[in-house]
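Letter by letter, the chains look like this.
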Number of protein chains: 2
Amino acid sequence: MPAPKQILEFVDTNADAFIKRLAEAVAIPSISGEIERRPDVVKMAHWLDAQLKKYGVETKLVPLGKHVMDGTELELPPAVLGKIGKDPKKKTVLIYGHYDVQPASKSDGWNTEPFELHVHPTNGQLIGRGSTDDKGPVLGWLNILQAHQEAQLELPVNLQFCFEGMEESGSEGLEDLIVKEAAPAGYFEGVDCVCISDNYWLNMRTPGLTYGLRGLAYFKLTVKGPARDLHSGSFGRMVHEPMTDLIALMSKLVDSQGNILVPGVQDLVSVCDDKERALYDSLDYSIQDVEDAVGASIALSSDKATVLMGRMREPSLSLHGIEGAFYGPGAKTVIPAKVSGKFSIRLVPPQTPDTVGDLVVKYVEEEFKKLGSKNTLEVENLHGGKPWVADHEHWNYEAAIRATEAVYGKKPDLFREGGSIPVTLVFAESLGKNVVLLPMGRGDDGAHSTNEKLDRSNYIEGTKLLGTYLYEIAAQA
Amino acid sequence: MPAPKQILEFVDTNADAFIKRLAEAVAIPSISGEIERRPDVVKMAHWLDAQLKKYGVETKLVPLGKHVMDGTELELPPAVLGKIGKDPKKKTVLIYGHYDVQPASKSDGWNTEPFELHVHPTNGQLIGRGSTDDKGPVLGWLNILQAHQEAQLELPVNLQFCFEGMEESGSEGLEDLIVKEAAPAGYFEGVDCVCISDNYWLNMRTPGLTYGLRGLAYFKLTVKGPARDLHSGSFGRMVHEPMTDLIALMSKLVDSQGNILVPGVQDLVSVCDDKERALYDSLDYSIQDVEDAVGASIALSSDKATVLMGRMREPSLSLHGIEGAFYGPGAKTVIPAKVSGKFSIRLVPPQTPDTVGDLVVKYVEEEFKKLGSKNTLEVENLHGGKPWVADHEHWNYEAAIRATEAVYGKKPDLFREGGSIPVTLVFAESLGKNVVLLPMGRGDDGAHSTNEKLDRSNYIEGTKLLGTYLYEIAAQA
Ligand SMILES: [Zn+2]
Ligand SMILES: [Zn+2]
Ligand SMILES: [Zn+2]
Ligand SMILES: [Zn+2]
């Protein structure tokens, strides 16, 4: 059951007004990670709340308490919750999105002012901070609400909304709220499925659906030796040097082909069978795509499925850097006294930060003993999140797939992502309901980069997609 | 032939005046590494010049041209050259010292103002920047000149002086001057030996003499992959990561016991025979000394001679850090696009920056090929200096040894140092004369640290030592 013609036509007819609304939203620099922008984040919450109310949504702003950022205590921006429709015969869909954005300033290399939506005169790109992450998708829902109000049509499902203003800064305060409201008699009572639009197509050509996210375990290895930094002229080859030990340990974690060397970590992962492999083979993706994206011919394999599986269904270990060592330009002959290596492992089911963390700590401590160093080692399992994989044969996905086919005339790529959107797992686990990640933007939108954009066609067709998805949900009731 | 009683008594009688002069010198913050202090370095040159003139030294200030520091073009501070005595029957001794100092500010952790000489009320330490490095020793020579002038005694040798104001900033401009003036008919014509007092006892108890310095070869390994930093969620296990390759390479350079793993580097070093080993066994030094100095029980061996040989007659390889990786506190999941590992090798004869550099470059490039990475590697041999070892049975050393015995009543430790004073090699090679490093200060003076000090007894007895050394030189004529 595609969306009614009136709705689709309304979207086309009102495209320019929708873009104007996006410009209004982008003009509020709701950067959650900057203290001085906090009032703008709150302003954005009120703007969104007013829009929802205008289209008949019953809303409430939920305070999430205080937190400390860069030494300053701040009020967290409120969660914006909303409900429209209470028909027990209809499915209830919970929509999540975020109204905060990443930092941006023209001097970072933007071609236009990041907080003035720029409509590219020839290719129609809508350029501005938050255009694709995540104001465009959030406004897609507003557009659909407006379309129904003005066409005087009832929504095909009951809707609930949960919009937050701290996503780009760790979603502080949200998990507690979700867990509380997902409990019996909570605000989210009656929710049948969840839809999150905060992700992207795999490429620039084919719409997609995300059904999995990797988790994360982040580690800090600290090797401590002398009481203060030493000069290599005075002490080189007299004492055990912390950097030597740390580099030795870090070299034993992953090899140049991306294989994780920590025993047991790879063993936790299921072997890919032919059916699963076929799924990766079928994706509209090429080695050229990844090499274009990174700007160099450095793919780990010339086999497309292998490369995609590396991101989507394999764990990865990346060495991020070292704290406490010499990092500037030039040449210093220091023996650093205390150095901390940072690395993280992206996790796939059934790995968890705890199971993988235990393996890492045990292994690193054993390897350190083998070095025979008199320095001391501390291994910290800093933080992490579990991976998430949804049942992509669930009716929630069926609806999203059919909606995509209806709007774009082609089957969406079904894939897992390499990063994490921690709130996904919180919804999935606390509600016990299926969650679909239904993207509006393309793979080259540059969500956290300079010149972030959302293609005009993705905004407009994406709005239709969100609307159609609701009708496809209703059709399965 | 010890120094005449009159000279030694003059030194004792005038100790307070000498300390006052040191306070005057310390009060001029002649930091060569800070643009805004350059006028103070020049002021110090003029102060020193006036002092030398006062005691009958014929001087000249030699401009050394301009250089660029932190993007600013600056006039280099002048070299202060001087001569006193032209008796062809006497030996001619060339004295080197430097009148610039390391940066210092109270906020770095000094207990007193670094540029106000503080005389500790109970232990008599003379605390201030430059007290021991190198204003104290330079003033030792002034004290001796004054003693001879006021006692109306002729100096036992002809003296030449070469004082520079850029030692702490790479001695820019000096090498050319020395090479030029060491040539026939140059300013240094007729010099028979060189004495440099810019080093320290091995410990806090026994005077010493330094007859060797290690050289240095500094390397930068740059691994480049993607065109820009990547997010490990998006690209982890899709591409070859530069950090993984770099850490693998750095782990193959040195082991936790200090052994250099680059083939051929250790082979260049002569094996220590029993006679040489006896020399290290004889030094007044203990494992406790090194562990006290570094503030931790991390000596590479429990054998004192092995630990000393590590610093004095073995090459050492230290890993200093990585440029381009994540170095801050906290947790970032970046895949750095381009990372440069910095390490250096301290060299001993017959190693040179070139011979060792070739071995390192070849080895690192071979090891990189073994990694099978599609990233690119660049190996740079950044800069370096040759090691230096003097003949410690030369009459110049005999004189310094006898002077030490005369003043301190004990044989000096004869040792090599782990660092480098590049000007030493320039004098030795361009003049073809023996150079002795005759220290005034103790091993715990903290030359480049906060609360730099020179013990009162080292300043006063050290002044006697410098004077006596001249008489012992004369006695060997
Ligand atoms: Zn987002
Ligand atoms: Zn984002
Ligand atoms: Zn010095
Ligand atoms: Zn110095």
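As shown above, the structure is provided for reference.
First things first, this report covers the structure right here in the doc. Computed from a prediction, not measured in an experiment: that's the story for all the values here.

Structural notes on the pattern of salt bridges
Residue and element names in this part refer to chain B.
Point 1. Scanning all chains against the criterion turns up 55 salt bridges over all chains.
Point 2. For Glu-276, the salt bridge is made with Arg-313, and the minimal N-O distance between the two is 2.8 Å. Highlighted residues: Glu-276 in helix H8 (residues 274–282) and Arg-313 in the loop between helix H10 (304–312) and strand E13 (316–323), separated in sequence by 37 residues. Assigned by exposure class, Glu-276 and Arg-313 land together as buried.
Point 3. Residue Asp-455 is joined to Lys-453 by a salt bridge in which the shortest nitrogen-to-oxygen separation is 2.4 Å. For the residue pair Asp-455 and Lys-453, the accessibility class agrees, reading buried in each case.

Some remarks on the packing of helix H5 (residues 174–182) of chain A against helix H13 (residues 422–431) of chain A
All names here are of chain A.
Point 1. Taken N-terminus to C-terminus, the directions of H5 and H13 make an angle of 20°; their axes are 9 Å apart at the nearest point. In terms of their interaxial angle, H5 and H13 are classed as roughly parallel. The hand of the H5/H13 crossing is right-handed. Contact residues: H5 offers Leu-174, Glu-175, Ile-178, Val-179 and Ala-182, while H13 offers Val-423, Val-426, Phe-427, Ser-430 and Leu-431.
Point 2. Of the residues assigned to the contact of H5 with H13, the class counts are eight nonpolar, one polar and one charged.

Some words on the coordination of the zinc ion (ligand 4)
Each donor-metal-donor angle would ideally measure 109.5 degrees in four-coordinate tetrahedral geometry, or 90 or 180 degrees in six-coordinate octahedral geometry.
Residue and element names in this part refer to chain B.
Point 1. Within the protein, the atoms that donate to the zinc ion (ligand 4) are Asp-133 (OD), Glu-168 (OE), Glu-168 (OE) and His-448 (NE2), at distances of 2.0 to 2.7 Å.
Point 2. One can describe the site at the zinc ion (ligand 4) as irregular: its four donor atoms subtend angles covering 54 to 135° at the metal.
Point 3. Here the donor residues of the zinc ion (ligand 4) share one chain and are spaced in sequence as D-x34-E-x279-H.
Point 4. The distance between the zinc ion (ligand 4) and the zinc ion (ligand 3) comes to 3.2 Å, with Asp-133 serving as a donor to both metals. Of this pair, Asp-133 sits in helix H4 (residues 131–150) while Glu-168 is found in the loop between strand E8 (158–164) and helix H5 (174–182), placing the two residues 35 residues apart along the sequence. Each member of the pair Asp-133 and Glu-168 is classed as buried.

A short note on the coordination of the zinc ion (ligand 3)
Residues and elements named next belong to chain B.
Point 1. The zinc ion (ligand 3) binds to the protein through His-98 (NE2), Asp-133 (OD), Asp-198 (OD) and Asp-198 (OD), with metal-donor distances spanning 2.0 to 2.6 Å.
Point 2. One way to put it: the four donor atoms around the zinc ion (ligand 3) meet at angles of 54 to 148°, and that makes the site irregular.
Point 3. When the donors of the zinc ion (ligand 3) are listed by position in the chain, the intervening gaps give H-x34-D-x64-D.

Observations concerning helix H14 (residues 456–475) of chain A
Point 1. Between the first and last C-alpha of H14 of chain A there are 29 Å, a value that for 20 residues agrees with the 28 Å anticipated at 1.5 Å per step.
Point 2. Counting buried residues along H14 of chain A, 16 of its 20 residues qualify, which places the element largely inside the surrounding structure.

Thoughts on the packing of H8 of chain B against H10 of chain B
Angle between the axes and distance between the axes are the two parameters that describe a pair of packed helices.
Residue and element names in this part refer to chain B.
Point 1. Where H8 contacts H10, the axes come no closer than 9 Å and their chain directions differ by 105°. The angle between the axes of H8 and H10 places the two elements in the roughly perpendicular class. On H10, the residues that touch Arg-277, Tyr-280, Asp-281 and Ser-282 of H8 are Lys-304, Ala-305, Thr-306, Leu-308, Met-309 and Met-312.
Point 2. Class assignment of the residues belonging to the contact of H8 with H10 gives a composition of five nonpolar, two polar and three charged.

Quick word on the environment of Asp-413 of chain B
Residue and element names in this part refer to chain B.
Point 1. As for its position among the elements, Asp-413 is in strand E18 (residues 413–417).
Point 2. It is 8.0 Å that separates the C-alpha atoms of Asp-413 and Trp-201, two residues lying 212 residues apart in sequence.
Point 3. With sequence-adjacent residues up to four places away left out, Asp-413 is seen in contact with Leu-202, Asn-203, Thr-206, Pro-207, Gly-208, Leu-209, Ser-282, Leu-283 and Asp-284.

Procedures and definitions
- Residues numbered from 1 in each chain as written.
- Chains lettered and ligands numbered in written order.
- Predicted model: local features only at pLDDT ≥ 70, side-chain atom pairs only at ≥ 80, totals over all residues.
- Heavy atoms only, no water.
- Salt bridge = Lys/Arg side-chain N within 4 Å of Asp/Glu carboxyl O.
- Helix = DSSP H or I, 4+ residues; strand = E, 2+ residues; numbered from the N terminus.
- Buried < 20%, exposed > 50% of the residue type's maximum accessible area, 1.4 Å probe, protein only.
- Axes fitted to C-alpha atoms, helices over the stretch in contact; angles between N-to-C directions.
- Parallel < 35°, antiparallel > 145°, perpendicular 65-115°, else oblique.
- Left-handed = near helix turned anticlockwise from the far one by under 90°.
- Contact = heavy atoms within 4.5 Å.
- Nonpolar A, V, L, I, M, F, W, Y, C, P; charged D, E, K, R; others polar.
- Donors = N, O, S within 2.8 Å, 3.2 Å for Na, K, Ca; no water.
- Tetrahedral: all angles 85-135°; square planar, octahedral: opposite > 155°, others 65-115°.
- Expected span 1.5 Å × (residues − 1).

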